[in-house]
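Chain and residue survey
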Amino acid sequence: MMMNILQAISLAPNLKEMIPYCQKAQELYKDVKIKLPREYFYGIARAIGGPLNIYDRLEGKLVDCCRQLKILYDCCATCIQDVDAISWKETVDGEYAYLTGNVELAELIFSKFLYRDYRSRDEVHLACVAFSLLPVICLIRGNREHYRMAMAKYQVLKEKITYPQWKTALELLHLYTMCMTMNSAVWAEKEFKNLATLPRYVVQAPLYRIVHHLLLLIMGKALILAMECHQEELSSSNMMGYSSRRSHMEEGILLAVAEYRIGNKKKAELLVREQLKLAQPDQMVIPFVMYQTQLDFLLNRLLKSSAYTACIERIRKYTLEKDDYYQPNTIVLTPRERTIIECIRQGMSNKEIANQLMLAEVTVKKNIGQIFKKYDVHNRTGLLYVLQMEKNR
């Protein structure tokens, strides 16, 4: 049984070849009745991002990939400890909904995994998968408060994760999502230096490259990005190794943005055409939605081509909103409000704050309401997230 699972892991990400070995392990379990340790599932899952972002490689085969992943998860749940097949199959449905534009369903599915107590390693793993997608989903749906609530889970998950490779992946996912909302070159330069200090893992190479490219664009270094990508010879036929279709599309889109910024409009348009060709068979619109503002001119030009009209029109049904409510220079606090904020940071209740400051509890409640209003948040979770972002800037 163990050898079959190891053989399956060695064949990743080829699901078609992996499944027979996992099914054989499933059959062997009926005889031995002893499950393998949870660590074997890490080799199947490969990372803490969405499963389709890891395993989807072939255009027009997204539905097949979903079906094969569900078979794989059923096998793993039978012969590996602490694997909830039903939940993992839901992540496949959630990511499919996300990629194809059904963000309402995607938010419903991933909220369930992110907002709960993490009582097992499987629940922590599922929450990390949700964290990789839910913040961006909230921005696309225009719900900035839910975005902040999702991002606030970063610190919780960081404390729960013990596996070094996953800690790095979580750092990258957090930075990736922040890149979607930030446009400060000073912030990007700081994070670019931090990125260089992170451990490097082969399976995380596509995400690392995407974050690296995003930071270069925020810093205004499109020419450097274009030069680096050309050295790697990025092309739509180069989808080997650990680069999934979504990762490949994002890298192609970011290169198109860079080429457009440095004046190579024809090259930029060609790159967008290539990515639309990859996306169109499965209607994978969200990778374009994430960069729609920067692609607007190129998408307008491509609307003239009937081959991509329907796909582009679907992309334009969505908008990714920025979360820019925590600008520290625009928020003026009274001395009492600053003190109350420090108490909130320490986890004190309203009653505890009232006792310490010798105030009526109703007064503390009123002051906290004023603080929430100034930061445009509705609860302590949102406030703590915004304060953390101020600290990191």
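Quick summary incoming for the structure in this document. As the structure is a computational prediction, the values presented were derived from the model and not from experiment. (Residues numbered from 1 in each chain as written. Predicted model: local features only at pLDDT ≥ 70, side-chain atom pairs only at ≥ 80, totals over all residues. Heavy atoms only, no water.)

Here we look at the pattern of salt bridges
The tally for this structure, following the rule as stated, stands at 19 salt bridges. For Arg245, the salt bridge goes to Asp56, with nearest N and O atoms at 3.0 Å. Here Asp56 lies in the loop between α4 (51–55) and α5 (62–79) and Arg245 lies in helix α15 (residues 245–261), a separation of 189 residues in the sequence. Look at Asp56 and you get buried, because its relative accessible area is 2%. Where Glu145 meets Arg148, a salt bridge forms, and the shortest distance between an N and an O atom there is 3.8 Å. Taken together, the positions of Glu145 and Arg148, both in helix α10 (residues 144–160) and three residues apart, correspond to about one turn of that helix. (Salt bridge = Lys/Arg side-chain N within 4 Å of Asp/Glu carboxyl O. Helix = DSSP H or I, 4+ residues; strand = E, 2+ residues; numbered from the N terminus. Buried < 20%, exposed > 50% of the residue type's maximum accessible area, 1.4 Å probe, protein only.)

What about the packing of aromatic side chains?
According to the stated counting rule, one finds eight aromatic pairs in the structure shown. Both rings, one in Phe41 and one in Trp88, keep their centres 5.1 Å apart while their planes meet at 65°; by these two values the pair is edge-to-face. Taken together, the residues span a long stretch of sequence, with Phe41 in helix α3 (residues 39–45) and Trp88 in helix α6 (residues 85–99) at a distance of 47 residues. Across the ring face of Tyr55, the terminal group of Arg46 is positioned such that the distance to the ring centre comes to 6.0 Å. Note that Arg200 overlies the ring of Tyr208, its terminal NZ or CZ placed 3.6 Å from the centroid. (Phe/Tyr/Trp six-rings, centres within 6.5 Å; stacked < 30°, edge-to-face > 60°. Lys NZ or Arg CZ within 6 Å of the ring centre and 35° of its normal.)

Quick word on the environment of Asn367
The topology assignment puts Asn367 in helix α22 (residues 361–375). Residues Asn367 and Arg141 lie 226 residues apart in sequence; the distance between their C-alpha atoms is 31 Å. Once residues within four sequence positions are removed from consideration, Asn367 is found in contact with Arg336 and Ile340. (Contact = heavy atoms within 4.5 Å.)

So, the nonpolar core
The biggest cluster of nonpolar side chains holds 145 residues, and the ones touching the most others in it are Tyr98, Tyr291 and Tyr375. The leading source of residues in this core is α5, at ten residues. Not counting the four nearest positions on each side in its chain, Tyr98 is found in contact with Ala106, Leu133, Val136, Ile137, Ile140, Arg246, Ile286 and Met290. (Core = buried A, V, L, I, M, F, W, Y, C linked by side-chain atoms within 4.5 Å.)

Considerations on the environment of Arg273
When you line up the elements, Arg273 lands in helix α16 (residues 265–279). When neighbours within four sequence positions are excluded, Arg273 is seen to be in contact with Leu302, Ser305 and Tyr308.

Looking at the side chain of Thr168
Counting through the fold element by element, Thr168 comes out in helix α11 (residues 164–179). The exposure class assigned to Thr168 is buried, which follows from its relative accessible area of 4%. In contact with Thr168, other than residues within four places in its own chain, are Leu198, Pro199, Tyr201 and Gln204.

Describing helix α2 (residues 15–32)
In a regular helix each residue adds 1.5 Å, so 18 residues correspond to 26 Å; α2 covers 25 Å between its end C-alpha atoms and thus fits that length. Tucked inside the fold, the buried residues of α2 contact α1 (2–11), α3, α4 and α5. Within two residues after α2, Lys33 carries a phi angle of roughly 60°, on the positive side. (Expected span 1.5 Å × (residues − 1).)

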